Amino acid sequence: MLDLLNLPGIKPVDLRSDRDSVTIVAETVDGDLPSCPDCGRPLYRHGKRSNVFADTPIEMQPVRLEVVRTRYRCETCRKTIVPELAFLDERRRATKRLVNAIRKRCLSTTFHALAQEIGLAVNTIKNISLDLIAELDKTVRYETPTIMGIDEVSLAGGYRCIITNLATHNVFQVLEYRTQPHLKPFFENLPDRDKVEWVCTDMWRPFKASFGPYLPNAKLVVDKFHVDKMATEALDSERKKYQAELSNDERVKVKKSIRWITSKRPGRLSAAEKEALIVVRANMPTLAEAYDLKESFYRIYDLPDKEAAIRAFFDWRQQLPKKGYELFHRLAKTVDNHFDDIFAYWDCPHRITNAYTEAKNGVAKVSNRMGRGYSYDIIRAKILYADEARKIGSGVLLKSLVKGVPTKGASPSIEYGPHIPTLVSMAEEGKLD
Ligand SMILES: [Zn+2]
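**Concerning the nonpolar core**
No. 1: In terms of nonpolar packing, the biggest core is built from 91 residues, with Met148, Leu166, Val171, Val199, Cys200, Ile383 and Leu423 touching the most fellow members.
No. 2: Mapped onto the domain boundaries, this core takes at least three residues apiece from domain 1 (10–136) and domain 2 (226–305 + 320–327).
No. 3: Aside from chain neighbours lying at most four places away, what touches Cys200 is Ile147, Met148, Gly149, Leu166, Val221, Asp223, Ile352 and Tyr356.

**Some details on the domain arrangement of the chain**
Where the parts come together, the accessible area they lose is often given as the size of the interface.
No. 1: Each assigned domain of the chain is listed with its residue range as follows: domain 1 (10–136) and domain 2 (226–305 + 320–327).
No. 2: Once you take the C-alpha centre of each, domain 1 and domain 2 turn out to be 68 Å apart.

**Here's the deal with the sheet that holds strand E8 (residues 147–155)**
No. 1: Read from one edge of the open sheet, 5 strands run E10-E9-E8-E11-E12, paired in mixed fashion. Bordering the open sheet on either side are strand E10 (170–175) and strand E12 (219–222), each of which pairs with just one other strand. Neighbour-to-neighbour, the strand axes of this sheet turn through a mean angle of 30°, independent of strand direction.
No. 2: When strand E9 (residues 158–165) meets E10, the two strands line up antiparallel, connected through 5 bridges. For Asn165, the partnering residue across the bridge sits in E10 and is Asn170.

**Observations concerning the pairing of strand E3 (residues 44–58)**
Along any regular strand, the residues point their side chains to alternate faces of the sheet.
No. 1: Of the pairings in the sheet, the one linking E3 to strand E4 (residues 61–73) comprises 11 bridges and is antiparallel in character. Directly across from Arg49, in E4, lies its bridge partner Arg69.
No. 2: Hairpin connection from E3 to E4: 2 residues lie between these consecutive antiparallel strands, with Glu59 at a positive phi of about 45°.

Definitions and limits used
- Residues numbered from 1 in each chain as written.
- Predicted model: local features only at pLDDT ≥ 70, side-chain atom pairs only at ≥ 80, totals over all residues.
- Core = buried A, V, L, I, M, F, W, Y, C linked by C-beta atoms within 7 Å.
- Buried ≥ 20, exposed ≤ 12 C-beta atoms within 10 Å, placed from the backbone.
- Domains from an automatic or database assignment.
- Contact = placed C-beta atoms within 7 Å.
- Pairing = 2+ DSSP bridges.
- Helix = DSSP H or I, 4+ residues; strand = E, 2+ residues; numbered from the N terminus.
- Axes fitted to C-alpha atoms, helices over the stretch in contact; angles between N-to-C directions.

Here it is, written out as structure tokens:
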């Protein structure tokens, strides 16, 4: 029989094919009698043992490999021995080459599809994946970001902490939760901690305490996105107060448009929305005022330098009516509470904020499209170790990026983590399922 197996130490003796799988029976090729590992005396043949292992599919059919091994016995120690075959993974009941094939694909296809194709239990695929993930966690190391983004994204049934490289648009790390017990060890064990120059995040208070002691050169900047969002929400709460009070006539005209008035910048309003804004100005002065407060707040971020921005904020706060507009007052207070970190925006390389928002949206898109039914560990690994996305952004591609990013001496072996736009397209193509 032709040896299609190509596995050392065994030869195929029979082949059975049924509807769902192929079974190959193979026997060990017996050589000289081995000697006893304990006492060194020669062993005697003592029957045979047969075990079934999964092997790589043949012609799209799962393969069962029935390995018949000679069993040996030592007359002195009374010990029986079945010789080990190096190509078998006894724990997984599969050949090592199959386990390797699974490791190559398990993070980029569904466990279920892989289990069916190979004829193994889904749980076995899962266990092989968990072994692989544990290895990757120990061995893969991404370059510490100079500009680090930290945010929360809903993923695998909880809010997870995503750490990104904002200069290269890569995911650097995913933590189970954004809490001190998760963040502190992360910062504590971070290699090249002194390389981090900027940390961009939201206004979550305990955050500074978690990295402060560990990142000696990092400055915090609160992302513009989170500050502007508070202004939008403040306007929106005023809008909701009016929604119910609109007369029937006005409702038809305004109701549809009014929502968009509150969330769009003036330059992007449609004709109908501009008309609705005129109705608002004529009939709802309090709402019109809220609209103007939101817009003038947004314009602070359009200013080119820090001093002008600070002055504009003080002016804005001055104009804020003493009564009502609760959420606008809360916004003013928040800016006061995080003053230095918010106005640090004007000190740092300008692209940070856009990169932050893009990264955040990118990761959110990925998480929305991820396959369901996986545990957090698996989903994290599918993102963090996605091969195709890891290739992008490593080494030489980084010449033209933000100043302060160490591109000199970057060798192709340097990895920055999975590239977020590539992750997004992978997720869209179902490659992260
Ligand atoms: Zn012995």
